[in-house]
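Analysis of the macromolecular model
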Amino acid sequence: MEKIPTIKEIAKRLKVNASTVSRALHGHPSIGLVTTMRVNKVANELNYERNQTAIFFKQRKTFTIGVVLPDFSDAFFSSALSGIEDYASKKNYNVFVGQSLENPDKEKSILDTMKNHRLDGIIISISKNTTDYEVFNQLKKYNIPVVFFDRIPDMEDIHYSACNLQSGMLQAVDCLVEKGHRNIGLINGPLHLGASKERLAAYNKGLNNYSIAINTQLIVSSDLSADQNYRAMRQLLSLKERPTAVIAFNDYVARDAMSLMKKNDLVVNRDISFISFANSPIWSFMDNSPMASIEQFPQKQGVKAAEILFELIAGRNEETSSAPAFNQVIFDSSMVSHHGKRI
């Protein structure tokens, strides 16, 4: 097996100290131009490659960030990832990516791996089933900054980029009421998710704005699996006074709910109108679409999360006597028709 060339071998060839070679390879001003040129010439002849691990260790950086997402196949998260990777590339950083598949144990395992590799920082959208946040406290102890986006844990003193779901939900309720709907159902997500709580609060506020009584039978929850989405919609369809409109937690929930309608010989947006969250590209491939979807700007969320993280990385080694400011950026969600036009 061919021997990997080292700094010592270059030094031996040139009859100089290894430290001189090292400084020359790094362009140190204490080394003259002639010596630097001679060192680089021999290094090229030997096909010498710098030991990046040693360089990273010296600089206390790996030039790699981690990104943990619930599901790569979800258009929302893939769009966010695209924004993060593009921003990281401009910073000459690599991106180490892991998907939790909505499994808290797998999520923790990925985060532990990133911690053990001392990545410079982590961006994460937590799984829908994550309720234990101790791993994030551990990352803080290791001085590894974490920025959350979209799915934010119920923790104090965290950095995040998110979307204000209230603005979009209120627009949805306004739109449906203006079209004559009073029996408006809500298929929400897991109750412990902050995003579910925010949707419910905004839904209640929207109905209250029109003095429409809250009917708890019209509010159902799903764990976001297809089976649970069908169950939730079946529950609404079984009501004596079924809803004339439904607001769904996201486009995938709406897709499953509308599929069940079709099986029951009901016409989407005629028998029951739909508005969903996320404004996914999937609707361009579907025969039936909701009348509108609420844009949550995943790429903007991803880019902003990356901006926050690199600010934290840049200031990580700076000594400060004051407590860190927690950067929390919120975009307003906005309702669009399924044709992509603002409503």
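Residues numbered from 1 in each chain as written. Predicted model: local features only at pLDDT ≥ 70, side-chain atom pairs only at ≥ 80, totals over all residues. Heavy atoms only, no water.

Under an unreviewed UniProt entry, the name given to the protein chain is LacI family transcriptional regulator, and the source organism is Mucilaginibacter ginsenosidivorax.

Let's shift gears to helix α7 (residues 134-141). Taken residue by residue, α7 has Val-135, Phe-136 and Leu-139 as its buried positions. Along the long axis of α7, the arc covered by the buried residues comes to 100 degrees, so they all point the same way. Residues of α7 that are exposed and point more than 90 degrees away from the buried face comprise Lys-140 and Lys-141. In this structure, the buried residues of α7 make contact with α6 (104-116), β3 (121-124) and β4 (146-149). (Buried < 20%, exposed > 50% of the residue type's maximum accessible area, 1.4 Å probe, protein only. Helix = DSSP H or I, 4+ residues; strand = E, 2+ residues; numbered from the N terminus. Arc of directions from axis to C-beta. Contact = heavy atoms within 4.5 Å.)

Moving on, we come to the pairing of strand β5 (residues 159-164). By the criterion of burial, β5 is predominantly enclosed, with six of the six residues buried. Two strands pair when backbone bridges link them, and β5 and strand β11 (residues 328-332) are joined in this way by five bridges, in the parallel orientation. Along β11, the bridge assignment pairs Ala-162 with Ile-330. (Pairing = 2+ DSSP bridges.)

What follows deals with the nonpolar core. Ranked by internal contacts, the top residues of the largest apolar core, which has 70 residues, are Ile-65, Ile-123, Phe-149, Ile-187, Met-233, Ile-247 and Phe-274. With near-sequence residues (within four places) excluded, Phe-149 lies in contact with Leu-69, Phe-76, Phe-77, Ala-80, Ile-84, Ile-123, Ile-124, Ser-125, Ser-161, Gln-301 and Ala-305. Membership of the second largest hydrophobic core comes to 18 residues, among which are Ile-110, Leu-111, Ile-122 and Ile-158. (Core = buried A, V, L, I, M, F, W, Y, C linked by side-chain atoms within 4.5 Å.)

Glancing now at the environment of Leu-312. With respect to the helices and strands, Leu-312 occurs in helix α12 (residues 298-315). Leu-312 sits 167 residues away from Pro-145 along the chain, and the two C-alpha atoms are 6.6 Å apart.

Here the focus is the packing of helix α8 (residues 165-178) against helix α9 (residues 194-209). One way to put it is that α8 packs onto α9 with a least axis distance of 8 Å and a crossing angle of 40 degrees. When the axes of α8 and α9 are compared, the pair comes out oblique. In this structure, the crossing between α8 and α9 has a hand that is right-handed. Counting all contacts with α8, which are made through Leu-165, Gln-166, Met-169, Leu-170 and Val-173, the residues of α9 involved are Ala-195, Glu-198, Arg-199, Ala-202, Tyr-203, Lys-205, Gly-206, Leu-207 and Asn-209. For the contact of α8 with α9, a count of residues per class yields eight nonpolar, three polar and three charged. (Axes fitted to C-alpha atoms, helices over the stretch in contact; angles between N-to-C directions. Parallel < 35°, antiparallel > 145°, perpendicular 65-115°, else oblique. Left-handed = near helix turned anticlockwise from the far one by under 90°. Nonpolar A, V, L, I, M, F, W, Y, C, P; charged D, E, K, R; others polar.)

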